[in-house]
Amino acid sequence: MSAGRRRRRPRRPSLPAPVARLLPLLRRLPLAILVLASIALAPLSLQRPDEAGSAGETWTFVSIPDFLNNDVDYPDPLWDEALDYVLDQVKAENPDFVLVPGDLIDGHWWDGPEDVRENAERFYTAWTSRMEDKGLEYYAVVGDHEVGDNDWDEAKQRLVPTFKEEFANRLGMPRNGPPGEEGLAWSVEHKNLTLLAVDVFEQDASGTVTQAVSGTQLAWVRDTLAASTSTHTVVTGHVPVLPTDVRRASSGLTLAGGAGAPLWTVIAEGGASLYLAGEMHDISSAQKDGVLQVVHGSQPGAVEEFNYLVAKVSNEGIDLELKRIATEIEGLGDDVAEDEISDGVRGPPGPVTIPDAVRAAGPETIGTARVGTSPAEGGIRDETGLFRERLSRIS
C-alpha cells in the first residue's frame, strides 16, 4: 500500500551570501588559512536559518483546530466550495504556517487495523494534498478522532497503536518527542518562537486511554521548555486544560486534573505564554498563572461556521485576532441516516457553502487580544469581543 503524501518541508536555507561568494576561493587556500577563515565566518554560517534577519520582524501563523473533523475526499462535492474559500482566506493572512490542534478527520475506522490503514491512506492523503495545493505549510496535533474517537472500548483500544502509527507516518510531524511519542508529541523552533505539541491521549499498559500528559512525556515537555532560548513559547494540545463550559456538538473532553494538572504547572514554570486547543467546537479563553488558554475551532459538518485565530508574532508580544466565516449546510437538522450520508462516510447531510453576503464581507473579526513574551508579563491584555466576553481568570 502506498504511503500518503507528506507535508512539504521548508527548503534547507542556502548559505549566507558572503559565505557562498567566498567558497570557490576558500577551496584553493591552504588548510591553515581555511581554518582561520572558518573561525572568522562562524557567526554567519552558524546562524540558525529561521533566525536570520528576524530582528524586529513581525510574522504570522494561523491556528484552526478541528479542521476538518470529517472524513473528506479531495475533490469532494460536499466540501470543495467552502474549503476553497476558507483556505484562500487563511492563505491571504500570509501565514508562515498553519497549526491544526487535532481532529483533522473523523476516524470512525473500527473494523480492524487494515480498515484503519486503508482509510488513513484515503483521508490523510486527501487532507494533506488539499493543504499542499494551497501552498500552506502546516503542523498537526493528535486529536481524539485521530485515535478512533471517544469512548474507547476494548476493541478500539486495540486499534489505538495503529491509529497513532498512521498519523505519525502520514502527517510527517517532527520525530523529536519522547520515546513512543515520535511524530505525535513534537517541538519546532521557528524564528523567535518555540512551538510544542503534546499528545493528550495517553494509553497505559492495560489499554485504557486517558486525557493526560504524564511520565516521560511530561518530563520531555519540562526539558524542552527549559532548553528553549526563544522569545516566545506556545504549547498546543487537542483538549483544554483549564475548564470551560462553552461547547457545541462536542463530547467536551478536557485534560485530567483540569487547572491542577501537572502539565499546566510545567508550561507556566517553563515560560509559555499561550496554550492553544480545540475539541469544544466553540470559542472561549481562560487564564491561570499568567498563561492564556485559547479554545476555538468548529465542527464544520454540523455547525454552520469556520473560525480561526490569526497570531502576529513580534519580539514584544503576540497579537491575536479571532475570525469567523459563516456557512450554510444544506439539510442540516434533517433526519438523515448515517449510512445515507456520502456513501456511508459520516459527514454533512448536504453541501457546505459560503453565502454570497459572507463572501462579499469577508471573514468577521470577533475578538482581539495581546499576550506578552512570558507569564511574568501578566498574560492577556487589550482584549475585545469574545476574548473579553468569554474570558475566565483562574487563581
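None of the values given here were measured: they were computed from a predicted structure.

The rules behind these values
- Numbering of residues starts from 1 in each chain and follows the order in which that chain's sequence is written.
- Where totals are concerned, whole chains, interfaces and linings use all residues; where local detail is concerned, this predicted model gives features only for residues with pLDDT of at least 70, and gives and counts side-chain atom pairs only at 80 or more.
- In computing side-chain properties, one takes all heavy atoms of the structure into account and sets aside hydrogens as well as water.
- For every residue, the pLDDT score states the predictor's confidence, bounded by 0 at the bottom and 100 at the top.
- Think of it this way: any DSSP run of H or I at least four residues long counts as a helix, any run of E at least two long counts as a strand, and we number them from the N terminus.
- The contact criterion used is simple: two residues touch if any of their non-hydrogen atoms lie within 4.5 Å.
- The criterion for strand pairing is that DSSP finds at least two bridges linking the strands in question.
- Where helices are involved, their axes are fitted lines through C-alpha atoms of the stretch in contact, as for all axes, and angles between N-to-C directions lie from 0 to 180°.
- The cut-offs work like this: below 35 degrees is roughly parallel, past 145 is roughly antiparallel, 65 to 115 is roughly perpendicular, and the gaps in between are oblique.
- Handedness of each helix crossing follows the sense of rotation of the near helix against the far helix: counterclockwise by less than a right angle gives left-handed, clockwise gives right-handed.
- Exposure is judged per residue with a 1.4 Å probe applied to protein chains only, and the accessible area is read against the type maximum: over 50% gives exposed, under 20% gives buried, and values in between give partly exposed.

1. Let's talk about the confidence of the model for the protein chain
Right, on to step 1. When the pLDDT values of the protein chain are averaged, the result is 88; 83% of them are 70 or greater.
Right, on to step 2. The least confident element of the protein chain, judged by mean pLDDT, is helix H2 (residues 31-45) at 35; the most confident is strand E2 (residues 97-100) at 99.
Right, on to step 3. Segment residues 1-49 is flagged for pLDDT under 50; beyond a separation of four residues in sequence, or across chains, it makes 51 contacts in the model.
Right, on to step 4. Taken together, the stretch residues 337-342 has pLDDT below 50 and engages in 8 contacts with residues farther than four places along the chain or on a different chain.

2. Section: the sheet that holds strand E10 (residues 284-288)
Right, on to step 1. Taken together, 7 strands build an open sheet; the order of strands is E4-E5-E8-E9-E11-E10-E18 and the sheet is mixed. Taken across any chain shown, the strands that pair with only one partner, and hence form the sheet edges, are strand E4 (186-190) and strand E18 (391-393). Strand-to-strand twist of the sheet, defined as the mean angle between neighbouring strand axes without regard to direction, takes the value 20°.
Right, on to step 2. Strand direction decides the pairing type here: strand E8 (residues 232-236) and strand E9 (residues 274-277), joined by 3 bridges, are parallel. From the neighbouring strand, threonine 236 faces E9, where its bridge partner is leucine 276.
Right, on to step 3. Most of the contacts of helix H6 (residues 215-227) go to strand E5 (residues 193-197), to which it runs at about 175°, and overall it touches E4, E5 and E8.
Right, on to step 4. Strands E8, E9, E10 and strand E11 (291-295) of the sheet are contacted by helix H7 (residues 262-269), whose axis makes an angle of about 125° with E11.

3. Topic: the sheet that holds strand E12 (residues 305-313)
Strand pairing in a sheet relies on backbone hydrogen bonds. The paired strands run either parallel or antiparallel.
Right, on to step 1. Overall, mixed pairing links the 7 strands, which are arranged E3-E2-E1-E12-E13-E16-E17 in an open sheet. At either margin of the open sheet sits one strand with a lone partner, and together these are strand E3 (138-140) and strand E17 (381-385). Strand-to-strand, the axes of this sheet are offset by a mean angle of 20°, without reference to chain direction.
Right, on to step 2. Sheet strands in contact with helix H3 (residues 80-92) are strand E1 (59-63), E2, E12 and strand E13 (318-326), and its direction is about 15° off that of E12.

4. Description of the packing of helix H4 (residues 113-133) against helix H5 (residues 154-171)
Right, on to step 1. Relative to each other, H4 and H5 sit at 30°, their axes nearing to 10 Å. Classified by the interaxial angle, the pair formed by H4 and H5 is roughly parallel. Like other packed secondary-structure pairs, H4 and H5 cross with a definite hand, here right-handed. Along the contact surface, H4 presents Pro113, Val116, Arg117, Ala120, Glu121, Tyr124, Trp127 and Thr128, while H5 presents Leu159, Thr162, Phe163, Glu166, Phe167, Arg170 and Leu171.

5. Description of H7
Right, on to step 1. Of the positions making up H7, those classed as buried are Leu263, Trp264, Val266, Ile267 and Ala268.
Right, on to step 2. Tucked inside the fold, the buried residues of H7 contact H6, E8, E9, E10 and E11.
Right, on to step 3. Backbone geometry just downstream of H7 places glycine 271 in the positive-phi region, at approximately 90°.

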